Amino acid sequence: MKGHGTIRLILGALLAEAWDIQRSQRKQEFNMLRKRADTFEEVVTNEKARGGYFATCRLGTPGQNLTMQLDTGSSDIWVPSSRAAACRQTQIGDEGCSFGSFTPSSSTSFTVVGEGDFDIEYLDGTSSRGDYFTDVFEIGGATLQNMTMGFGISTDIDYGLVGVGYAANEAIVGSTRSSSSIYPNLPVHMVNEGLINTVAYSLWLNDLDASSGNILFGGIDTEKYQGDLTRIVIYPHQTNPDIYTGFYVALTSLEAISSSGRDTLTSESFPIAVVLDSGTTLSYLPNDLASQIWTEVGAVYSSRYQLAVLPCSMQHSKGYFTFGLGGPSGPRISVTMDELVIDLTMGEAPTFSSGQYEGQDICALGIQNFTSGPYLLGDTFLRSAYVVYDLVNNEVGIAATDFNSTDSNIVPFPSSGAPIPSATVAPDQSEVTDRPAYTSPAFEAREGFQDASENENAAVGLAPAFGTVIPLFRHLSTKMRMIRAVAALNSGSAVGSRPAVRYAGLACRVAAINPPAAQCYSSRLSGLRYFSRSPVSRASSAAEAALKQAKELAAANMTPEAAAARMTPEEKKRLSMLRNIGIAAHIDSGKTTVTERILFYTGRVKAIHEVRGRDGVGAKMDSMELERERGITIQSAATFADWKKTENGKEETYHFNLIDTPGHIDFTIEVERAMRVLDGAVMVLCAVSGVQSQTITVDRQMKRYNVPRISFVNKMDRMGANPFKAVEMINSKLKIAAAAVQIPIGSEKEFEGVVDLIHMRSIRNDGQRGINVKVSNAIPEHLKELAEQKRQELIEKLADVDDEIAEMFLEEKTPTPEQIKAAIRRATISLKFTPVLMGSALADKCVQPMLDAVCDYLPNPSNVDNTALDRSKGEQPVNLLPYNSLPFVGLAFKLEENPYGQLTYIRVYQGSIKKGQYLFNSRNDKKVRIPRIVRMHSNEMEDVTEIGAGEICAVFGVECASGDTFTDGRLPYGMSSMFVPESVMSLSIRPKRSSDADAFSKAMNRFMREDPTFRLHVDEESEETIISGMGELHLDIYVERLRREYKVDCETGKPRVAYRETITRRADFDYLLKRQTGGPGDYARVMGWIEPNPENPETNKFEERVVGGTIPDKYIAACGKGFDEACIKGPLLGHRVIGAKMVVTDGATHVTDSSDYAFNLAAQMAFRKAFTEAGGTVLEPLMKTTITAPAEFQGNVLMLMNKRGSIVDTEVGADEFTMVADCSLNAMFGFSTHLRAATQGKGEFSMEFSHYAAAPPHLQKELVAAYEKELDAKRTK
C-alpha cells in the first residue's frame, strides 16, 4: 500500500471511528473447497417505485419468496418479520410488505443466534431491530445453509436488504463490535460453501430506461462492458490499514464535454475519496465541483426541494461528463445527460414559476453537493460503469457499460485471491496523491450542454404543476444512508453545514453512544433515491409543446381536413381495403367456429380445428387451456388476415384485423373493450334461438360505441332453424332495422346454400371443407317466389332508412344491385340498418359470402368518426383522421401478461408508430419507448417495424393502464376510455399454503391489471381477502387459473359479513374489580349506566358525572379508554359495538392497588356485564339493491326479492322495469345466479350499502351460537 498515504489521510478525515477495533481484521480464512466452484447470476430489477435494485431470494425450509434490495454499501442480509408493524396492513397492493416478509414459524431450519443483537438505524430515521438468526438462503440458483441474517421484528421498512459489502461494515453478532465477532456475510459464505472460488462479484445495472441488470457472484461477464477492464485499489480504514469498510476509490479528474468545447473541472478536494454505492440513487461531490457541474448544465439550487434542479428537457442534451478514477492512466467513465436528468415526482411534474426556465418542467440533477465527505458515486454513475468488486485483493475493476447487451461470456475467478480476469492494473496509481492546480474552468462546454447560455444567478421560483408535489420516493420505505448537506449556490460559491455522517452500518447502531452532530433529515428531504419510473424528458412542458404543435399544424395547413384532401391514392387505397371487425354473440352461438372458418378461408390457418375438438388441438382463437376444456371463449383474441375478393372482374385484397370475443356475460369486459376500438362487427345469431340475452347485451355495447354491424344467422343446419324468426327478433327486440339479404336453400339437414337476394343468384359451397364457392344465376323453382318477396321486403326496409332508395321506391323504380349495395352500406355505417346473412360455420357453408359482406357493408377506418378530446381547449372534441402523416394518436385498450413482459394492445387512430419510437402517455405525460411491435395471431406474434393509421397492434415494454391514450407529444389529445360495469359477486379467498403468498400476490396484481372487472380488497374487520367479479364462472375461472398458472391452491367461501352489535335500553352497572396476585393487586370500582346513544346511532359516547372525586381525574380517562376497547369487540359476536353510551357516576379506589390498568379493565368488564341487560342485539348490513329486467319477468323477480328484503320502489317502463329494495347482505350471496335463472340471463342488479338494522331473531341465535362454539374451540386448543 505504498504511495497511498495521502489518500489514507483524506479517508481519515471522512471516516469517524464509531467503534473500537480490538483486533486487526485478518485476511478471510476460507474452508477448503471439496467441490468445483462456479458462478451464480441473479437478475436485479430496477424497482423504480422504490428507487433501487432488487433481487428475488428464498429463505427457510420450505422456501419463502422475498424480493430484497441489493446494496454494495451494506453487509447484513436482513428481512422484515411478517408480524412487523410495516407488514401488518396487507401483503397485496401498495401497502404493507408487498415484496415479501419472513415467517419463522413456517421454517423448520430457523435458529436464533443473537437474540436482540440486530439493531440498525439509517440516517433518514428509519430503523430495523430484532434478532440474528441462521437459516437457508437462496439467491441466483445458489443455496446456502445456515446463513446468518438479521430479523426485523420491529421495523418501519417494508422490505428486506441483501448487503454484499465488506463484512467489517455491518456483519457483527454480539456486543463487542470487534473483528472476532464478524460473521461471514453472503459472498464470504458462498466461498465457504464451495459455491464460488473467491469473494468477488460483478455488477451490471444497465441504463436508466432498462428494467433490470444483474449481479454475477464469482466471475465477470466480458460481454457486459466496452473497452478495457481496469483494476484500481480500494482504500482502507483510516486508523487500521487492514480494515476495509466500504468501496472507497480515488476520483482524480472530471471533464465536461459537449459540442461547444471541453472543460476540465477542478476541486480543492482532489484527489477525492468516493464510495461506489449501489444503494444510493444520486451521486454526491464536493461543493466546488458540484457548483461547476451545475453551471455547465444550467442547474439551479432549490431550497424548496433541497436539490439542484434543471429543466427536464436537458435529458436531450448531447453533452456528457467523463470521470477519471485511479490516476491519470486509470479508467475513464462517461456519463450522458439522459442518465443524469431525474424525474422529481410520481405525478404531474412541477414547473418553474418564474425566472429563466418559467413554465418548464422541473427535474433533479443526478449529481448533488456535499459540504464534506464521504462523497458518493451512486446509481447515476454506476449505471454507466461495469464494476467488478474483488474483496480479497481489495480492488475494483471498472469499464464502460455496454447498455442493453443481450450477449454473455462468463469468466469465473479461477481461485481464491486470483486477480480479476481479463483486467489490467491501472499504472501510476501512486500519482493519485498529486493534487492538480485549482483553476476556474472557462465553461466552454456550457453552450453545448444548453440551448443558450443561462444566467447562473437568475432568480428561480418553483411551483407544483397541480397542487402539492408528491415526492418520487415513499416516506419510511427507503434506506437512505447518505444525508444531504443543506447547501445553496450564491454567485458560484456553495455554503452549507455537514452533519456527522455515519456511513457504516455499525456507526448507526451506536448512535445512542455517539449522537450525530446535526439532525438527520427525513427521507423526503434527503435526496431522490427511490423512483417510480424512468426519466421523462420534454422539449418544454407538455401543455406548451402541445399548444406549439397545434399552432404549427395550423400554420402548415396540416389540419385533419386538409390532410384528407391531400391523401395520396396509395394511402386512400390502403385505407379502403382495411377492416377492423369483431365477432360477437350470445354464448354458444358459434362465434369461435365462425372465426376458425374465416382464418381457414383467408389462409391464416392450414387446418380447421373445432371447439372441444376430438384431436385435442382446439380452435386457434381459444389458445387458453381452460377455453379448450370448457368449450367457451374467456379472453378476446386478436388476429389478422387477408381476404381476396373479386370486384368488377378484378381481384382485390382486403386486410382484416379481427377480434373474437367471449359470449358469456361474466366476460363482458372483453366485448366492451373490443367494441371500443373496432370499426365494425359481425353479430352472430343462432338460427334456432335467434336473439338471446347476451345478444341484447352485445347490441347495447355496439350502440354505446356506435359500431355498425352485419348479422350472420349461424347453425342453419340445426333442427328447428328459422332465420326469418331471427330477423324479426332483431327488428323487435334490438330495435334496429334488419332485413335478410339471403334466403336459405333447404333447411336443417337439407341446408345446402343460399340465394343472394341482391343479385338474385344461388351460392353453394363445394370441395373439401367448403373451400370452393359455386355461384349460379339459376334459382331453385320452389324458392323464386320467396326470393322475390324477401327482396321486396329488403327494398322496403332500405326505403325506411335511406333517402335515395326511398325516392326510388316512391317513384316505383327498381334499384339496381349496385344501388342496393350502396344503400345497405350507407345505412349500415350510419347505424340505421343491419343486413342479415345466413349459413352454417360448422358445416362449412356460406361463410365466404359473409366475408364479402364485411368488405361491402362495414366501414373502413376513414368512414368512421373517431374523436379525441383537446385538453388545451377544455376537452373540446376533435376529429381524428387515419392518415400516416398526421401526429400519432393511439389508445391502449387491453393489457396482457406475456413471458416477454406486459403486452399492450393499441389501436392506432392517427399517424403511425415505429419500433424504437418514443410516445407520451396523455394521462400522466410519461414518455415511453416502444422497443417491440407485433401483430397478434391468437397467442402467436409476428414482429413488425411499423404500423400505420387505422391498424391494431400490440407492443411490449409499455407500462400503462387500460384505456390510456398515447401521442407523439405534439398534440394535447386524450380519448375517452371504455365503460367498466360494476362487479356483482364476491368471494373470500386465501391460499392453502402460506408459502404461496408471494405467487398469490403476483397473480392477483396481474389479474387486476388485465381485467378491470376483477377487483380485490381486504376487509378491514374480518381481514379476509375478497375478490369480486361479474359472476360465479368469472371468479371460478380465476381461481382455476391460480391453480394452473401459478400452482396456488386456494380456499374460497362466502365473505364474512360485517355485523354490528348495539343496545336497545338502559341498564345500570356497579362493578368491583379486586384481584391480589402476591404483589401489588388490581382494585377499581365503577358505577353508572349504559344506554343507546340518542345523538347518533352510528357512534359511541363516553360521559363522566362523578361527584366528590370518588374516582380521580387520572382514572377517568382510563375508564373511557376501557369503554372504547370494549366496543371494538362486542360480547355477542365479537363485532364492533355502535350506538352505545356509557355514563360513569361513582366509584372507589385503593391507595396502592388502583391504577389506570385496573380502571380500564373495570370499565370493560362493567360494560360487558351490563350489555345483556341493556338488550344487546345484532345488527346486519342492509344493501340498497337495484334490479333492472324485462317487464315480462317482474313476477319472478318480485318472488326473489320478497325472500331477501323489503321492496322500496318499483318503476315499470315500456319494455323493462326497475325495482329498488333493501336486502340483507347475507341473503345476497349467489343472488346473481338466481336472478339470471329467473330472467333468462336478461336481468342486471347493483348493490350499495344502505344502513344497519336488527337481524331476525332466529339469525341472531344462530350467529351467537356459532360464535360461542368458535370460542370454546379456541379455549380447548
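Residues numbered from 1 in each chain as written. Predicted model: local features only at pLDDT ≥ 70, side-chain atom pairs only at ≥ 80, totals over all residues. Heavy atoms only, no water.

Draft legend 1. Layout of the overall build of the protein chain. Scanning the protein chain from terminus to terminus reveals 26 helices and 69 strands. Sorting the 1277 residues of the protein chain into buried and exposed places 59% on the buried side. Counting only contacts in the protein chain whose residues sit at least 6 apart along the sequence, the fraction spanning at least 24 positions is 73%. As presented, the protein chain carries roughly 50,900 Å² of accessible surface, and 48% of it is formed by carbon and sulfur atoms. (Helix = DSSP H or I, 4+ residues; strand = E, 2+ residues; numbered from the N terminus. Buried < 20%, exposed > 50% of the residue type's maximum accessible area, 1.4 Å probe, protein only. Contact = heavy atoms within 4.5 Å. Areas by Shrake-Rupley, 256 points an atom, 1.4 Å probe, with all protein chains shown as cover.)

Draft legend 2. Representation of the packing of aromatic side chains within the structure. Throughout the structure, instances matching the rule amount to 31 aromatic pairs. Where Phe893 meets Tyr905, the ring centres are 6.0 Å apart and the plane angle is 55°; that geometry is what we call tilted. Of this pair, Phe893 sits in strand E46 (residues 889-898) while Tyr905 sits in strand E47 (residues 901-910), and the two are 12 residues apart along the sequence. Across this residue pair, the class does not change: Phe893 and Tyr905 are buried. (Phe/Tyr/Trp six-rings, centres within 6.5 Å; stacked < 30°, edge-to-face > 60°.)

Draft legend 3. Looking closely at unusual backbone geometry. Going from Thr61 to Pro62, the amide bond is cis rather than trans, its omega being -5°. A cis amide bond, omega -10°, links Phe270 with the succeeding residue Pro271. Mapped onto the secondary structure, Pro271 falls in the loop between strand E14 (261-265) and strand E15 (272-276). Here Asn706, not a glycine, exhibits a phi torsion of approximately 55°, which is positive. Relative to the assigned elements, Asn706 resides in the loop between helix H14 (693-704) and strand E37 (709-714).

Draft legend 4. Local environment of the sheet that holds strand E63 (residues 1082-1092). Spatially, four strands are ordered E62-E63-E65-E64 in an open sheet, and the strand pairing comes out mixed. Every other strand in the sheet has two partners, leaving strand E62 (1067-1075) and strand E64 (1101-1104) as the edge strands with one partner each. Put simply, the sheet's adjacent strands are angled 25° from each other on average, direction ignored. Packing of helix H22 (residues 1113-1128) onto the sheet brings it into contact with E63, E64 and strand E65 (1140-1148), and relative to E64 it is tilted by some 155°. (Pairing = 2+ DSSP bridges. Axes fitted to C-alpha atoms, helices over the stretch in contact; angles between N-to-C directions.)

Draft legend 5. View of the state of the cysteines. Applying the stated criterion to the full structure yields two disulfides. Linked covalently through their sulfurs, Cys87 and Cys97 form a disulfide whose S-S length is 1.8 Å. Residues Cys87 and Cys97 are joined by a disulfide whose S-S torsion is about -65°; by sign, that bridge is left-handed. Residue Cys87 is located in the loop between strand E4 (77-80) and strand E5 (111-121), and its partner Cys97 is located in the loop between E4 and E5; the two are separated by 10 residues in the primary sequence. Across the pair, exposure class does not vary: Cys87 and Cys97 are buried alike. Each bonded cysteine of the protein chain is numbered by sequence order, and under that numbering the disulfide pairs are 1-2, 3-4. (Disulfide = S-S within 2.5 Å.)

Draft legend 6. Quick peek at the environment of Ala1227. Tracing the backbone shows Ala1227 in the loop between strand E68 (1216-1224) and helix H25 (1231-1239). Exposure remark for Ala1227: the relative accessible area of 28% places this residue in the partly exposed category. Taking the C-alpha atoms as reference points, Ala1227 and Gly1205, separated by 22 residues in sequence, lie 8.5 Å from one another.

Draft legend 7. Highlighting the UniProt feature "coiled-coil region" (unreviewed entry) in the protein chain. The UniProt feature table records "coiled-coil region" (unreviewed entry) at residues 784-811. Structurally, residues 784-811 comprises 93% helix and 0% strand, and the distance from its first C-alpha atom to its last is 25 Å. (UniProt positions renumbered as here; feature names shortened; annotations may be inferred.)

Draft legend 8. Quick look at the sheet that holds strand E40 (residues 753-756). Strand order in the open sheet formed by four strands is E39-E40-E41-E42, and the pairing between neighbours is antiparallel. Lying at the two open borders of the sheet, with one neighbouring strand each, are strand E39 (742-745) and strand E42 (772-776). Taking each pair of neighbouring strands and ignoring which way they run, the sheet shows an average axis angle of 30°. Of the strands in this sheet, E39 and E40 touch helix H16 (residues 781-801), which is tilted by about 160° from E39.

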